[in-house]
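Residues per chain, in single letters:
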Amino acid sequence: MLTKFETKSNRVKGLSFHSKRPWILASLHSGVVQLWDYRMGTLIDRFDEHDGPVRGVHFHKSQPLFVSGGDDYKIKVWNYKLHRCLFTLLGHLDYIRTVQFHHENPWIVSASDDHTIRIWNWQSRTCISVLTGHNHYVMCASFHPKEDLVVSASLDQTVRVWDIGALRKKTVSPADDIMRLSQMNTDFFGGVDAVVKYVLEGHDRGVNWASFHPTLPLIVSGADDRQVKIWRMNDTKAWEVDTLRGHMNNVSCVLFHSRQDIIVSNSEDKSIRVWDATKRTGLQTFRREHDRFWILAAHPEINLLAAGHDTGMIVFKLERERPAFSLSGDSLFYVKDRFLRAFEYSTQKDTQLIPIRRPGSNTLNQGPRTLSYSPTENAVLVCSDIDGGSYELYVVPKDSYGRGDMVQEAKRGVGGSAVFVARNRFAVLEKSSNQVLVKNLKNEIVKKSPLPIATDAVFYAGTGNLLCRAEDKVVIFDLQQRIVLGDLQTSFVRYVVWSQDMESVALLSKHSIIIADKKLVHRCTLHETIRVKSGAWDDHGVFIYTTLTHIKYCLPNGDNGIIKTLDVPVYITKIYGNTIFCLDRDGKNRPIIIDSTEYIFKLSLLRKRYDQVMSMIKNSELCGQAMIAYLQQKGFPQVALYFVKDERTRFNLALESGNIEKALESAKKIDEKDHWYRLGVEALRQGNTGIVEYAYQRTKNFERLSFHYLITGNLDKLSKMMKIAEVKNDVMGQFHDALYLGDVRERIKILENAGHLPLAYITASVHGLHDIAERLAGELGDNVPSLPEGRKASLLIPPSPALCAGDWPLLMVSKGIFEGGLDDTGSGAQEDYEEAADADWGEALDIGEVDSIQNGDISMVLEDEHVHEENEEEGGWDLEDLDLPPDADTPKNTQNARSSVFVAPTPGMPVSQIWVQRSSLAAEHAAAGNFDTAMRLLSRQLGIKNFSPLKSLFIDLHMGSQTYLRAFTSAPVISVAVERGWSESASPNVRGPPALVFNFSQLEEKLKVGYKATTAGKFSEALKHFLAILHTIPLIVVETRGEVNEVKELITIVKEYVLGLQMELKRRELKDNPVRQQELAAYFTHCSLQIPHKRLALQNAMTVCFKAQNLSTAAHFARQLLETNPSNENQARTARQVLQAAERNMRDATQLNYDFRNPFVMCGATYVPIYRGQKDVTCPYCSTHFVPAQQGQICNVCDLAVVGSDASGLLCSPSQIR
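Once a new chain begins, its residue numbering starts again from 1 and follows that chain's sequence as written. Under the rules for a predicted model, residues below a pLDDT of 70 receive no local features and side-chain atom pairs below 80 are neither given nor counted, while totals for whole chains, interfaces and linings still include all residues. Water and hydrogen atoms play no part in the side-chain values, which are based on all heavy atoms of the structure.

Under the annotation held in an unreviewed UniProt entry, the chain carries the name Coatomer subunit alpha and is attributed to Penstemon davidsonii. UniProt positions are given in the numbering used here, feature names are shortened, and annotations may be inferred rather than shown by experiment. As stated in UniProt under Subunit (unreviewed entry), the record for the chain gives "Oligomeric complex that consists of at least the alpha, beta, beta', gamma, delta, epsilon and zeta subunits."

Okay, here's the thing in C-alpha cells:
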C-alpha cells in the first residue's frame, strides 16, 4: 500500500474523488464537508451547513457541483466555485446514508433510514421517484455506471436491484400527443417509475454496502455477518457466485477496482482487505492500530483509492505504476506485462526480448522495481520486493531480438538492491550484515566489502564505484580501494540520475532535487511542493525533470522553470535536442516535443555566451514579463530592452541601464511630463546637457532651465529666459534671471513695476545709478528710506559657470555585445536630437509675443566617437621579425615530465594564521597564540589597558585550542589545532574556528557560586568569583544574537555585585568613622541585587543607622524591607519594631551624604553618590560611573579598562559581524 496523502480529522463517513482535478471531498461525523487537494496536501475549502453527521457526499462528473446528505434529513447541492450551498432537497424522514449523481441525467439518488430510496431531479429540484420495498434502514444506493439500474443494500439483510428504465422514458419528452396522453394517465393513476428487478438474499445480517462492477454484470456486497459476497446477474435472474471470508467484524464498504481485477473491502475490524476477483482469494491486508474503517472511494480515472476511518482518511495506491527501466546507449530496456522489452530511440522500434517469470506469491507490489543492464554481456538484473528484496539475472540471447518467446531460467538471489558495477560483475546489497557482495555472471560471490554507512540501497556510480544511500546521506564508495570518495547530507534519495559524461549527478527525493558533481560536492538544491517523478540530463548540461503535473528544467546555478504541463505523469528516459522520450504508466514509449528556447537562453546568459543570446533574441519570440523580470534580476536590463515592445517598460529599462538615447526615443513616444522629468534627472546625472535642456523645455520647467543655463554659462539663453518670464508675467522668475545675469537696471525696473519703490530706490542708490535714484526719490516724497551708515556695498556678480563646453566627458568603453549587435536604432536617434535642437521652442510655449526667440543654438554633442584602429605614429617599439629557420625544434616545457629531484611540497598556511585572518574576536586571536592582536582588539573594543589579570586566561585559551601528538623519539611533538563544532562529515579543506576552553555556561555556574557565597556572607570569596566572571567575559564567544544580549546582561549583573561588595568590605574596615559606615551601608542597598541579597543589605543598613540613632533613615530602610515581603519572620518583626521606635522620634542624629529621594549612581572609586544632573564618566567595559576626576584611571570595578576612554563595544559572536 503506497500512501499518497493522509488527513487527521473527525470520523470520515463519506468520500468522493473529483474526476479531473486532484481533489477529494470528505464528509465528517462533525457535520463539516472538507475539500482537500491530495496532491499538494492542502485543505482548499470547508462547507459547514449540515446539522449533525454528514454520511454521504458525491462530486458531479462535469459540473462544478457536489451533493451531500446528512442526519438532519437534508440533501444539499453545493457549487464549489461559488463556495456555497445552492439549494436543499427535503423529503426524507430519517438519516440520509448515501447520495450520488447520475452520470448523464440530472438525477441524484439517495438512501435513507426511512426505508426508502429517492431519486431527485437537481435541475427542477423535485423528487421524481420514491423506491419503496426495503423494511429496514437503506444503507446505500447507487446508479449503474452504464445501464438504467440502481443497487441498494439494507439492514433487512437483502440487496435489491431496481430497474429505472421507465423513469428515463418519462423524462425524455414524448414526440406525439397520444403518447403524452397515455403518460398523463399513468401519472394520474399512479404508474410505477421504478420496479424491483432482483432481491438478493444470502447475508445473515444487515447489509452495509453493495456496488456494481464497472463493466461486467457483477455485484459485490458487504454485511454485518463479516462476509463479502459476489453476485452475478443476467436479464432474468441474479444469483450468488462466491463468499469472501476473512474480516473479523462488520464489513462497512466494498467495491470493485476500476482498473485491476480485484475487490477492495474495509471493515470495523480496522483493516482494509484486497481480494483477487477471479481466484476469490485474499491478496493483502492493511491494518490500523486504533481506527475502524467506514467508507471507501475509487478514483474514476486513475489508480487511486481512499478510505475513511475514525480519525481521518488516507488516499493510497495498491501498486507502484513506475515501469522499471535502464538506459544503454541508444536503447532503453524496460519491463512491461512480464516481458523484458527494448526500445531503440533512433528507429523508434519496440521489441519484445524475453519473458520474465511471474511472482510466485499472490500479493501486490511484487513487480520489478529496478533494472540494471550490462551492454557487453547483454545481461539484465531485475530487482523486486519479493521475499523482502531479491534479484534475477537474465542473459538475453543475441538472436532473441524480435522473437521474445524463449523462456529461460533466471539466476536468483536475495538482496536489497543489485546493480552492475563492471562488465561482468554486479554488486548486491546484503542489508543484514551491511556489506556488498560482488558476484560474477554465474551468480558466484567474488568478493565481499563492508560498507562505510548503514546502507539501505545501492546505485551505480561509475565503473567499480557504488553510490550508497542511508536515511539522511549518500556516499560514493570505491569497491577496489574500499574508500569513500565523497559524501553529501540529503533527504531520503529515491532515484539517482548521472549525466552522460558522469561529471554531474542528480539525486531525486520525494519533494527535492539535489545536483552535485562526481565527488558529491553540492551545487544546488531545488524544492518542489508536488512530488518529483523522474529526470534526465540534456546535451547542454541542463537537468530536465518531471513532477506529477509538469516537465521542468534546472540550470546549473539552481534557476528552474516550467517547460510544459502534463495531463498524466510520465517518466523521462532520454532527451535528444527538443524531444523528450518518456515512459508512461502503461509502459508506452512517448516522445514529447518541447520548446527549449527559454532554458537555453538562460543557460547562455549564465555561461556568458552572448553571441548565442544575440542570435536567439533576433530569431525567437522570447518575450513576456517573466523573461524581462529575469533579465532585470540577473543584471541585464540592456538585454531586456530588446524584448520589450511596451514603450513605458522600455523607458524604465533604458533608464536602468543608463541608455539615454533609447530613453529619449521612448520619452518622445510617451510624451508625458513625468517621463520627461525622469529623463532630465538621468541626463543630468550623466552630464548630457543637451538632453537635460530638451527635457526641461518639454516640461516647461523654467526655474530649472534658468538655473541650468546659469551653471553652464549660457548667458544669451538666460537673457531670453528673462524675456519669456516677462511675457508670462512671472515676476519672481524674471527677477531671478536678472539676478543671475547681474542686470541691475532690469532689477530696478522689475521692482518699480511691482510697486516696491523703496527697494527700487535702495537698489539704484547702492549701485550708483543716481539719476534713477533721484527720480524715485521724487516719487517717494517723504518716505525715502535711509541707507545704513558705515556699510560698504558689494556688487552681486553671477558665478562663473561650472561647465561651458557642452556635455561632460565620458569614459571610452567598448560597446557591449548587445549594444553593437542589437542597436538598429542608433542612426535614427541622432536625427531626433538634431530635430530637438532646431525646434522653434517659442511656439511650444504658446507665447505669441516673443517671436524673436529662437532656440537654434542648443548644441547637442551626441556623435558616436569612433576609435581609430590605426596608430597615428608609426613605429613605437621597433620589434623586427627574427629570421629563424622554419623547423627550429623548440623544446616544450612539459608539466608531466617527472623530475628526478624530489621537490618538497609548499607548506600550507598555518591554522593559527587562518584563524587570525578570519576573525575579529579577541578570544580566537588569543587561542591562535596572537596575543598582541588580541590585546589590540580588546583595547579597541572595550578600552582595556590593564592586561595582567587576563594573562593566565590567554595562556589557557592558547593551550586549550591545541593538542599534541608524539612523533618519533628524535622528532619534536606535533601540535594539532582543535576546531569548534568539528564533525566527521565536515570537509577536510575547510577550517573551523578554534575550540575555546571558556564558555557561557561555565560563567552561569560561577555566578551561582558567587550568589551562594554572598548569601553566606563570605564577601571576599564572592568578590573573587564575580571578578573572575568580569575578567573571563571579554574572552567568551557565543553563537546567536540572543546569547550576545545575555552576555551583556551578565556584565551588568556582575558589575553591580562587585561594586556593592567592594563598598561593604570598605565599610567593615572603617571601625572609627560611624558616619561613613552608615553612608556605605546605605549605598549598598542601591546596587541591583537579587531579592534575598537586597533584603540582607536593607537589614544591614537599617541596623547600622538605628544603632547610630539615625531613626528617620533607619525607618526608610525598614519600610523598604517590608515592601519586599520577607519570608523570614525575624526580618519582618525587626523591621516593624524599628518602624514603631522611629515613629515616636522621627529624626536623624547625624547628617549623612545620602538622599534617597534624589536618584543617583555610585562612583566606583570614591564611593560617593553622583546625583542626576551632575557630570560623570563611565568605564567602557563594565559601564560603572565615576566622578570626572577619575578620567584616564584604570576602572576600580573591572580592573581592566581605562575610565572615559573610547571603545566600539563588546564583540563576542560571529553573528555580530555578519
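Going along the chain from the N terminus, every DSSP run of H or I of four or more residues is numbered as a helix, and every run of E of two or more is numbered as a strand. When you go through the chain residue by residue, the secondary structure sums to 31 helices and 61 strands. Partly exposed describes any residue whose relative accessible area lies between the buried limit of under 20% and the exposed limit of over 50%, with all areas from a 1.4 Å probe on protein chains only and scaled to the type maximum. Counting the 1218 residues in the chain, one finds 49% classified as buried. Should any heavy atoms of two residues lie within 4.5 Å, those residues are considered in contact. Restricting the contact set of the chain to residue pairs at least 6 apart, pairs at least 24 apart contribute 48%. Only carbon and sulfur atoms are counted for the fraction: they give 50% of the accessible area of the chain, which is about 61,700 Å². Here, Shrake-Rupley sampling with a 1.4 Å probe gives the accessible areas, and only protein chains in the shown set may cover a residue.

Moving on to the sheet that holds strand β45 (residues 493-498). Strands qualify as paired when DSSP identifies two bridges or more between them. Read across the sheet, four strands follow the order β45-β46-β47-β48 without closing on themselves; strand pairing throughout is antiparallel. Single-partner strands in this sheet number two, and they are β45 and β48 (522-527). Neighbour-to-neighbour, the strand axes of this sheet turn through a mean angle of 20°, independent of strand direction. Pairing of strand β47 (residues 512-517) with β48, which is carried by five bridges, proceeds in the antiparallel orientation. Looking at the pairing, S512 lines up with H527 of β48. Every angle, taken between N-to-C directions, lies between 0 and 180 degrees, and every axis is a line fitted to C-alpha atoms, over only the stretch in contact when it is a helix.

What follows covers the sheet that holds strand β8 (residues 74-79). Pairing within the open sheet is antiparallel, and its four strands lie in the order β6-β7-β8-β9. Looking along the sheet, the strands with just one partner apiece sit at the ends: β6 (54-59) and β9 (84-90). Ignoring strand direction, the axes of neighbouring strands in this sheet form an average angle of 20°.

Moving on, we get to the packing of helix α8 (residues 660-670) against helix α9 (residues 673-686). How two helices sit against one another is set out by the angle between their axes and by the gap between those axes. Packing of α8 against α9 brings their axes to within 10 Å, and their N-to-C directions diverge by 165°. The angle between α8 and α9 places the two elements in the roughly antiparallel class. The crossing of α8 and α9 is left-handed. Together, I660, A663, L664, A667, K668 and I670 of α8 and H675, W676, L679, E682, A683 and Q686 of α9 make up the contact between the two elements. Should an angle fall under 35 degrees it is taken as roughly parallel, and over 145 as roughly antiparallel, whereas 65 to 115 is taken as roughly perpendicular and any remaining angle as oblique. For any helix crossing, the convention is left-handed if the near helix is rotated counterclockwise from the far helix by under a right angle, and right-handed if that rotation is clockwise.

What follows covers the packing of aromatic side chains. What counts as a ring pair is set by centres within 6.5 Å for rings of Phe, Tyr and Trp (its six-membered ring), and what kind of pair is set by the plane angle: stacked under 30 degrees, edge-to-face over 60, tilted for all other angles. Inspection of the entire model under this criterion finds 33 aromatic pairs. With centroids separated by 4.9 Å and ring planes inclined at 55°, the aromatic side chains of Y345 and F581 adopt a geometry described as tilted. With Y345 in the loop between β31 (339-344) and β32 (349-355) and F581 in strand β54 (residues 579-584), this residue pair connects regions lying 236 residues apart in the sequence. On the basis of relative accessible area, Y345 is assigned to the buried category, the value being 3%. Taking the relative accessible area as the measure of exposure, F581 reaches 4% and is therefore buried. Grouped by ring-pair contacts, the aromatic residues W23, F47, F59, F66, W78 and Y80 constitute a single cluster. We call a charge positioned over a ring when the NZ of a Lys or the CZ of an Arg lies within 6 Å of the ring centre and within 35 degrees of the ring normal. Seen from the ring of W294, K13 lies directly overhead, with NZ or CZ sitting 3.9 Å from the centre. Above the plane of the ring of Y495 lies R322, whose end atom (NZ or CZ) is 3.7 Å from the centre.

Counting buried positions along strand β3 (residues 23-28) gives six out of six residues, so the element sits mostly inside the fold. On β3, burial covers both faces: W23, L25 and S27 on one face and I24, A26 and L28 on the other are all buried. Taken together, the five bridges between strand β2 (residues 12-17) and β3 define a ladder with antiparallel strand orientation. Opposite G14, over in β3, you have S27 as the bridge partner. Once β2 ends, the chain turns through five residues before running back antiparallel as β3. Direction of pairing for β3 relative to strand β4 (residues 33-37): antiparallel, over a ladder of five bridges. Bridge pairing links I24 to W36 in β4.

On the surface, I955, M959, Y964 and V973 cluster together into a nonpolar patch covering about 380 Å² of accessible area. Following the sequence through the fold, V973 ends up in the loop between β56 (962-965) and β57 (974-977). Any residue with relative accessible area above 30% and no salt bridge may belong to a patch, with like charges joined within 9 Å and the nonpolar Val, Leu, Ile, Met, Phe, Trp and Tyr side chains within 5 Å. Take a side-chain nitrogen of Lys or Arg and a carboxyl oxygen of Asp or Glu: if they are within 4 Å of each other, that pair is a salt bridge.

Another point: unusual backbone geometry. Phi is positive for N434, which is not a glycine, with a value near 50°. Of note, the phi angle at L520 is positive, near 60°, even though the residue is not glycine. Position of L520 among the secondary structure elements: in the loop between β47 and β48. When its relative accessible area of 2% is taken as the criterion, L520 is described as buried.

Our focus in this paragraph is the UniProt feature "repeat: WD" (unreviewed entry) in the chain. Per the UniProt annotation, the sites labelled "repeat: WD" (unreviewed entry) are residues 47-88, 89-130, 131-164, 200-241 and 244-285. Measuring from the first to the last C-alpha atom of residues 131-164 gives 10 Å, for a span that is 0% helix and 59% strand.

By the definition in use, this model includes 45 salt bridges. Between E104 and R168 there is a salt bridge whose closest N-O contact spans 3.6 Å. Of the two residues, E104 sits in the loop between β10 (96-101) and β11 (107-112) while R168 sits in helix α1 (residues 165-171), which places them 64 residues apart along the sequence. In this structure, D291 engages R288 in a salt bridge whose closest nitrogen and oxygen atoms are separated by 3.0 Å. Take D291: its relative accessible area is 8%, and that puts it in the buried class.

So, on to the environment of V77. By the element assignment, V77 lies in strand β8. Given the relative accessible area of 0%, V77 is considered buried. Measuring from C-alpha to C-alpha, the distance between V77 and L65 comes to 6.9 Å, with 12 residues separating the pair along the chain. With residues near it in sequence (within four places) discarded, V77 still touches F66, V67, C85, L86, F87 and I108.

With that settled, consider helix α29 (residues 1111-1123). Spanning 13 residues, α29 covers 18 Å between terminal C-alpha atoms, matching the ideal 18 Å at 1.5 Å per step. Contacts made by the buried residues of α29 are with α27 (1074-1084), α28 (1091-1107) and α30 (1129-1144). N1125 occupies a position one or two residues after α29 and carries a positive phi of about 50°. To estimate the expected span of a helix, count its residues, drop one, and scale the result by 1.5 Å.

Next up on the list: helix α22 (residues 931-942). For α22, built from 12 residues, the straight-helix expectation of 16 Å at 1.5 Å per residue is met to within 8% by its first-to-last C-alpha distance of 16 Å. Along α22, the residues that are buried comprise T933, A934, L937, L938, Q941 and L942. Down the axis of α22, the buried side of the element spans an arc of 140°, and every buried residue falls inside it. Exposed residues on α22 whose side chains face more than 90 degrees from its buried face are R936 and R940. Those residues of α22 that are buried are in contact with α21 (922-927) and α23 (951-960). Picture the helix axis, draw a direction to every C-beta atom, and the arc is the one those directions span.

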